[in-house]
Each structure stands twice: as C-alpha cells, then as structure tokens.
Amino acid sequence: MTNPVTHFHQRLPEDCLFLLAALAVSLAASPVRGQLLGPSPQRDIEQGAEMAKRVEQQIGLYSLPKADAYLGELGARLVATVNDPRWKFTFQIVDQPEPNAFAIPGGGIYVSRGLLALVNREDELAGVLGHEMAHVTQRHSARQQRKGFLPGLLSLPGNVVGNVVGEDLGALINAPVDTVGGAWLSHYSRGQETEADRIGIRTAAQAGYQPLALADILLRLEQDVASQTGQERRFSIFDSHPMTETRMKDIRRRAAALTPATPHPFAPDEASLFARFDGMWWGENPDAGVFRKNQFLQPSIGFTITFPEGWKNQNTPQYVISTHPKQEAILLLGIAGPASDPEATGEKFIERMRTKARVEPVSTRKGPLGEFPAFVVTYLDRSGRAPAYLHFAWVAMGGETYQLIGLAPEKHREALRNAALSLRPLTDVERRSVTGKRLRIVTARAGERLETLAARAGNTWSPAYTALANGLEADAPLREGQLIKIARTEPARPGSQMTDH
C-alpha cells in the first residue's frame, strides 16, 4: 500500500471482516519465534513486503510532507553510500508516539514521530538510519514476538466462525495485536546491535556525518525512557535494541577512529532541521480518535461510541477494539468498504455465511444506530466450547460503510447492545474538545529561562523535559533568537484525514 494508512480510512476487505470476527474466538497463542529471513535477498524482500503491510495495518504510517521529503533525501544519500543493490530501501514515519526506529527484511526502514521529536542534528538521524540499514544488509535474524488474543473466550472456534475463516485462522492467531509499541518487529541480540552500530556509524561517516552523533541520540533516548514513570512507559526502543554501557563505549571508541567525508547536510542548522518537524503531533494523535475513559471520540469522521465500562480499549489503524477484562467478549469497529446501503451489504454477508457455514441468522434488523443508517445481523454459534452470539452491524457514516462486530456469551449481550446503541454523531462541543499536542518551534529571548518561555509560549512540557528534548541544561539561560522545541495543545482538525498531509 503506497499511501499512508489512516485510522479508519484503510478499507478492510470482506475477508478481513471475517478474520476480525474470528479474532474473538482464537486460541491462546504462546509467543512464536522463528527466523524472519529467507535463504536469499529476494526472499527477504518478499517477506519484507508482507511485513510492510502489517506495519501499516497495525501501527500506521504518519505523513507530514516536509518531514517525509527530508527523511527520503537523507535515506537516499545513505543508500548511495552503502551501494548494495540487493535491497529495496524505503524510509517512512510510523504514527507512534514512543521514540522508536526499526527495520524489516528487504530494506523497509521506519522511524517514529516520537524519535523525530528528539532529533537535534541531522548527524543523529543519519546515525539511526545507518544503524537500521545495517540490520538489513547484514540480514540479522530478528526474533519475532507475537501475541495471541482473547485466549479465555473459547478454546476452539465454533462451526460458524471456523467454517467461514478456515485456514486463515491460524495466521490470525499468530498476528501481533498489542502493537502499541511495535516491539514485535525486531528483537536483536547484543552482538547484532554491536555490528549494526559499527556498520551504521561507518556508513554515516562515509556520507559526511559525525559518527559520534549516534551515541548522542541514544543517550537522549535513554534519558527519555528514564523520564517516564512505570505507568506511562509502554514501550522503549531499548526493549528491542539492547542498550548497555559497553555498547555506548564501543560506539564512542569506534567513532573516534573514523574520519567523516565532507559534510553537505540537507538541514545545516537548527532552523532548517526543526522546520521539517514543526507541526508534527507529539504523543497521542487526536486525528486518529481519542479515548476518554470508555468513550471513543473520532473528530475527523465525526462520531462517538461508548464501550462497556472497565473493558480494555485499543485504537489501531484497522479498527477500534474493546475487550472484556476477563477476555470473555469483544467488540470491534472498522471500515467495511465504500459508502453503500447497509442492508444490501448485510444481505451479501448473510448469503456468504449461508454458503460457507450453512447457517442462518437468528435475527436481522434494519434501523438507525444513533441517527446513522444501519443493518444488524445476529448469529448464535452453539458448536464451540460455550454458546456465543455473533453480532454484525453495518453503519453508513462519514461517506463510508462501517462494521461493528461483537461476540459474547449471553451474559454480556446487554453490554454489547448498549455499546452499539451509544454510537452517535459528535456534538460541536465534543468535537472542539478533542485536542492533542503538536511539536512547535519558538524563539527564545536573551537570558530567558525555559520555565519563563514555557509560560509565554504555552509549552505543555516541563522545563526538565524541554531541556531533555532540546539537549540543554534545565536552568541554563537562553540566547537571543535561540530556537526551542516545545509541545503546544492544539485542536484536532475536524473533517481532515487522520494523518497530516
């Protein structure tokens, strides 16, 4: 998929909707670890293409044209330096608030919004990209961590779901679901990290960048991790890229022995560099929708839904999902396709269920859900470990056809029903209330302190974190005209796409 994935703007093929239903009754899956790399570079590229789709579907891409172009320019320079035609390198931003960078087989290189917010020199970003490229060229055997879903609901899928999904169920069980951090993509050994450091800083130096800058950005990333409390910290780049004191010493030692080529940076100063990232969302991306406890608000499309209280909620590019705390029930909402008549879409689904599973719905209903045209179908599957109701609702809103999928035993049917009935358009007040934090660049005054600048510029970061992000001392006086990165609370953009364009 060439265009950036946007939350709810990725169309789900009909088969995928069956997979989502099957997700609710999948087996408990122990972590599966296997070789990601095939016997040839071409096989790496083929596997990488499949993984790239999963990155888009499960983490999502983020597009800010000036940042996209910059990343592509810098990446192309490093690719020319590596001069290894076996690989198809691409460089993209993932819509991930945590600082992160990773590579997939074949040449896909990804950096997160969170990491870009901490970059203060082009040399630092060059070091990170060079490191990830080395994982590709050295064909490091990353261990893939996968997580199954809803192990407590049913031990085996019932006939209704099983006959429809068939062999695809196994692939779904092994697909990672908890992708908030995306750590499943790469878990390298210390030896592999050391090799990637060595090759990566050499590549950066040959391209005209200071190799020691990799140590600088890694130290800042480590400080960022340390600044988060245990509750806030969901994922760290060091979960997948081991960090040790020995590793830092080794980078510094090897960097000292390298002589960089003549530099020709694309962003030669802070003003040029920071301008590439100005306006990028920092932290949660509100254009993708936000949770307020159990209420989900989607300002770009203009709807809200309230999930059952106490359930675990997650927002992904493919769907919003809510699960019972004991994993006994599930409710998903995602796009089924382009705008169409919900009843006609539902009737096609019924016919497919009739053909593949030889089953009829126990009820159907045509009528609105929160003012939106809708069609609801319910099945009862008695062939699994316990009877389970499968509810499907097709809803026309925002120029698309959405599908609600719910699965639960009888005792949770009312909770699913109430959640579905809560779907409604956002009010103007609710829409205006959805805000996020954008990275902004402000100019300091002579002798000004970060605390004073924060009050004047509306910075939501603490002075300590502002200093960390900018590579400064928290109490140091600022220079006249010095550029400082801050995060400012701003509204989501109603009616916009879910990523910046």
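As the structure is a prediction and not an experimental result, all values here were calculated from the model.

## Brief notes about the pattern of salt bridges
Inference 1: Here the structure, examined in full by the defined rule, presents 24 salt bridges.
Inference 2: One salt bridge in this structure joins Glu46 and Arg43, with 3.4 Å as the shortest N-O distance. Here Glu46 pairs with Arg43, and both are found in helix α2 (residues 41–58), just three residues apart, close to one helical turn.
Inference 3: Exposure remark for Glu46: the relative accessible area of 39% places this residue in the partly exposed category.

## Quick notes on the packing of aromatic side chains
Two numbers describe a pair of aromatic rings. These are the distance of the centres and the angle of the planes.
Inference 1: Per the counting criterion, the structure on display carries 15 aromatic pairs.
Inference 2: Centroid distance Phe296 to Phe303: 6.2 Å. Interplanar angle 45°. Geometry classified as tilted.
Inference 3: You can call Phe296 buried: its relative accessible area is 0%.
Inference 4: Judged by relative accessible area, which is 0%, Phe303 ranks as buried.
Inference 5: Residues Trp461 and Tyr465 carry aromatic rings whose centres are separated by 5.2 Å and whose planes lie at 70° to one another, so their mutual orientation is edge-to-face.
Inference 6: Linked through ring pairs, Phe291, Phe296, Phe303, Phe307 and Tyr402 together constitute an aromatic cluster.
Inference 7: Its end group placed over the ring of Tyr62, Arg113 keeps NZ or CZ at 5.4 Å from the ring centre.
Inference 8: The ring of Tyr389 has Arg413 sitting right over it, with the charged end atom 3.9 Å from the ring centre.

## Observations concerning unusual backbone geometry
Inference 1: Of note, Arg139 is a non-glycine position whose phi angle comes to about 55°, a positive value.
Inference 2: Structurally, Arg139 can be placed in the loop between α5 (122–137) and α6 (159–165).
Inference 3: Take Arg139: its relative accessible area is 25%, and that puts it in the partly exposed class.
Inference 4: The phi dihedral of Glu371 falls on the positive side, at around 80°, and the residue is not glycine.
Inference 5: Along the chain, Glu371 turns up in the loop between β11 (363–366) and β12 (374–381).
Inference 6: A residue is classified by how much of its surface remains accessible, and Glu371, at 69% relative accessible area, is exposed.

## Focus on α5
Inference 1: Taking 1.5 Å per residue as the helical rise, α5 with its 16 residues ought to reach 22 Å, and the 22 Å between its terminal C-alpha atoms agrees with that figure.
Inference 2: With 16 of 16 residues buried, α5 lies mostly within the body of the structure.

## Considerations on the confidence of the model for the chain
Inference 1: When pLDDT is averaged along the chain, the result is 82, and 79% of the positions lie at 70 or above.
Inference 2: Low pLDDT, under 50, characterises residues 142–157; the predicted model gives this stretch 70 contacts beyond four residues in sequence or across chains.

## What about the sheet that holds strand β4 (residues 281–282)?
Inference 1: On the basis of which strands lie adjacent, the open sheet formed by three strands has the order β4-β16-β17 and antiparallel pairing. The two strands at the open ends of the sheet, each matched to only one other strand, are β4 and β17 (483–491).
Inference 2: Strand direction decides the pairing type here: strand β16 (residues 435–443) and β17, joined by nine bridges, are antiparallel. Counterpart to Thr435 in the pairing with β17 is Pro491.
Inference 3: Lying on the sheet, helix α12 (residues 270–277) is in contact with β16 and β17; it crosses β17 at an angle near 20°.
Inference 4: Contacts between helix α17 (residues 463–470) and the sheet are confined to β4 and β17, with β17 contributing the most and set at about 120° to the helix.

Rules of the game
Residues numbered from 1 in each chain as written. Predicted model: local features only at pLDDT ≥ 70, side-chain atom pairs only at ≥ 80, totals over all residues. Heavy atoms only, no water. Salt bridge = Lys/Arg side-chain N within 4 Å of Asp/Glu carboxyl O. Helix = DSSP H or I, 4+ residues; strand = E, 2+ residues; numbered from the N terminus. Buried < 20%, exposed > 50% of the residue type's maximum accessible area, 1.4 Å probe, protein only. Phe/Tyr/Trp six-rings, centres within 6.5 Å; stacked < 30°, edge-to-face > 60°. Lys NZ or Arg CZ within 6 Å of the ring centre and 35° of its normal. Expected span 1.5 Å × (residues − 1). pLDDT = per-residue confidence, 0-100. Contact = heavy atoms within 4.5 Å. Pairing = 2+ DSSP bridges. Axes fitted to C-alpha atoms, helices over the stretch in contact; angles between N-to-C directions.

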